[in-house]
Amino acid sequence: MLFSIIIPAFNCEETIERTVDSIAVSGIKDYEILIIDDGSTDKTGSICDSLAQKMPTVRCIHQANEGVSAARNCGIKNSHGDYLIFFDADDYVESNSFCNAVKLIEAEHPDILLFGMFFDYYSRGKVYRRDSYIPSCSGILSLEQIKQYFSSLYLCNALTPVWNKIFSKELIIDTDTHFNTDMIVLEDFLFTLVALSKCDKVYCLQEAIYHYRQPEDEKHAYNRLCRINDLPEYLAPFSRQIELLGVSDSDKFMDNLYKMLLEQRLYYASYKEICSVMTQHMNSGYGGINIEDRPLVIFLRNKKSHLRHRIAVIVKTLISRLRRG
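A brief look at the structure comes next. Since we're looking at a predicted model, the values are computed, not measured.

Examining the overall build of the protein chain
Then, number 1: Scanning the protein chain for helices and strands turns up 13 helices and 10 strands.
Then, number 2: The C-alpha radius of gyration of the protein chain comes to 20 Å, within 12% of the 20 Å expected for a compact globule of 325 residues.
Then, number 3: Counting only C-alpha atoms, the protein chain reaches 60 × 50 × 40 Å along its principal axes.
Then, number 4: Expressed as a percentage of the 325 residues in the protein chain, the buried residues total 52%.
Then, number 5: Between the averaged position of the 36 positive side-chain charges in the protein chain and that of its 43 negative side-chain charges there is a distance of 9 Å.

Comments concerning the packing of aromatic side chains
Then, number 1: Enumeration over the complete set of coordinates arrives at 24 aromatic pairs.
Then, number 2: Judged by centre distance (5.2 Å) and plane angle (75°), the ring pair of F150 and F253 falls under edge-to-face. You can see F150 sitting in helix 6 (residues 150–155) and its partner F253 sitting in helix 11 (residues 250–267), a full 103 residues away along the chain.
Then, number 3: Judged by its relative accessible area of 1%, F150 falls in the buried class.
Then, number 4: Classification of F253 as buried rests on a relative accessible area of 8%.
Then, number 5: Put simply, the rings of F87, F119, Y133, W163, Y210 and Y212 touch in pairs and so form one group of aromatic residues.
Then, number 6: Sitting over the ring of F179, R72 keeps its end group 5.3 Å from the ring centre.

Some details on the packing of helix 3 (residues 68–78) against helix 8 (residues 187–197)
Then, number 1: Orientation of helix 3 relative to helix 8, taken along the N-to-C sense of each, is 40°, at an axis distance of 10 Å. Between helix 3 and helix 8, the interaxial angle falls into the category oblique. The residues of helix 8 that touch helix 3, namely those facing V68, S69, R72 and I76, are E187, D188 and F191.

What to know about the side chain of S22
Then, number 1: Mapped onto the elements, S22 comes out in helix 1 (residues 16–24).
Then, number 2: Reaching out from S22, the side chain makes a polar contact with the backbone oxygen of T19 at a distance of 2.8 Å.
Then, number 3: From its side chain, S22 meets the backbone nitrogen of V93 in a polar contact 3.3 Å long.
Then, number 4: Residue contacts for S22: discarding those within four places in its chain leaves Y92 and V93.

Observations regarding helix 10 (residues 231–245)
Then, number 1: In a regular helix each residue adds 1.5 Å, so 15 residues correspond to 21 Å; helix 10 covers 22 Å between its end C-alpha atoms and thus fits that length.
Then, number 2: Helix geometry: helix 10 is bent most strongly at P237, by close to 35°.
Then, number 3: Listed as buried for helix 10 are L231, Y234, L235, P237, F238, S239, Q241, I242 and L245.
Then, number 4: Sitting at the head of helix 10, D230 places a side-chain oxygen 3.2 Å from the backbone nitrogen of E233.
Then, number 5: Once helix 10 ends, the next one or two residues include G246, with phi positive near 85°.

A look at the pattern of salt bridges
If the charged atoms of two oppositely charged side chains come close together, the side chains can form a pair.
Then, number 1: Scanning all chains against the criterion turns up 9 salt bridges.
Then, number 2: Between D88 and R72 there is a salt bridge, and its shortest N-O distance comes to 3.2 Å. Of the two residues, D88 is situated in the loop between strand 4 (83–86) and strand 5 (92–93) and R72 in helix 3; the sequence distance between them amounts to 16 residues. Considered together, D88 and R72 belong to a single accessibility category, that of buried residues.
Then, number 3: Residue E187 pairs with R72 through a salt bridge whose shortest N-O separation is 3.7 Å. Of this pair, E187 sits in helix 8 while R72 sits in helix 3, and the two are 115 residues apart along the sequence.
Then, number 4: Relative accessible area serves as the criterion here: at 7%, E187 is assigned to the buried category.
Then, number 5: Each of R72, D88 and E187 takes part in salt bridges that share partners, so that together they form one network.

Some words on helix 3
Then, number 1: Among the 11 residues that make up helix 3, 8 are buried, leaving the element largely enclosed by the rest of the structure.
Then, number 2: Those residues of helix 3 lying buried are S69, A70, A71, R72, N73, C74, G75 and I76.
Then, number 3: Of the surrounding secondary structure, the elements contacted by the buried residues of helix 3 are strand 1 (3–9), strand 2 (31–38), strand 3 (58–63), strand 4, helix 7 (169–174) and helix 8.

Here is what the cut-offs are and how they apply
- Residues numbered from 1 in each chain as written.
- Predicted model: local features only at pLDDT ≥ 70, side-chain atom pairs only at ≥ 80, totals over all residues.
- Heavy atoms only, no water.
- Helix = DSSP H or I, 4+ residues; strand = E, 2+ residues; numbered from the N terminus.
- Rg over C-alpha atoms; globule rule 2.2 N^0.38 Å.
- Buried < 20%, exposed > 50% of the residue type's maximum accessible area, 1.4 Å probe, protein only.
- Lys, Arg positive; Asp, Glu negative; His and termini not counted.
- Charge placed at Lys NZ, Arg CZ, Asp CG, Glu CD.
- Phe/Tyr/Trp six-rings, centres within 6.5 Å; stacked < 30°, edge-to-face > 60°.
- Lys NZ or Arg CZ within 6 Å of the ring centre and 35° of its normal.
- Axes fitted to C-alpha atoms, helices over the stretch in contact; angles between N-to-C directions.
- Parallel < 35°, antiparallel > 145°, perpendicular 65-115°, else oblique.
- Contact = heavy atoms within 4.5 Å.
- Polar contact = N/O pair within 3.5 Å; in protein donor to acceptor, adjacent residues only side chain to side chain.
- Expected span 1.5 Å × (residues − 1).
- Bend = angle between axes of the 7 residues up to and from the residue.
- Salt bridge = Lys/Arg side-chain N within 4 Å of Asp/Glu carboxyl O.

See below:
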């Protein structure tokens, strides 16, 4: 059984080789790695070409910069495998970590396999904190059970990303599931929602496998959210897909999702920005959600939180260094 591992790559010259090397020892025996060089301007392209020359399992496709969704779609289109696995170009897995997942795929043939992951937080290139997330359910789940446990699976971060899943390529191709190239945040969550609505059998493996590198740039999510002019409109495809999936309390779920993104949008905003965003919020269909609406209170609370976060990073970094000796 062939696994196609798809890696969108953009200006990742310092990490892409480690990612590929980790896959080679992950316990997946029959695989191909497709690296989609998405218009990189550093040495990423040449490094990927070198990896393809050295490793017969690696193919590199170069394209103009179109974003992560277009790169993943390109990988799907050019893949030959029975199952698809998505990696980010700065992440990795440990040796033999995929062994159990591969055995389950070969034995159960699920449409989707969910597994756990680690969130690695870096400061100056060193991990100072590591959190693990494990699916809240175990074993085979039908679509009806997925709907039943949807909230708990979402809260343990089992649904949002694509890099903690193995997808049947037949499911993805036959249902024309693809990444929305207009999305700049949560594009992988929307992909997962569409795939889930069309599958019959999901397997949950309560085992942390994937190491996700949390961006050191604290404003990463905020910067992307700043590009969304109308957040309620942006979330409309998610609302439609949640309803199509048949999730109970879909309105409550969407309110919580909107609130989470709104708070991220406000977190690094200036006082003037907060005033503007909150005015837009109060005039939107989500205006009835209970959110502190006094811009000055929001601004001061965020500043206090920023300070606490910086102090926590300094302390945890020092403790990590002391433990390493």
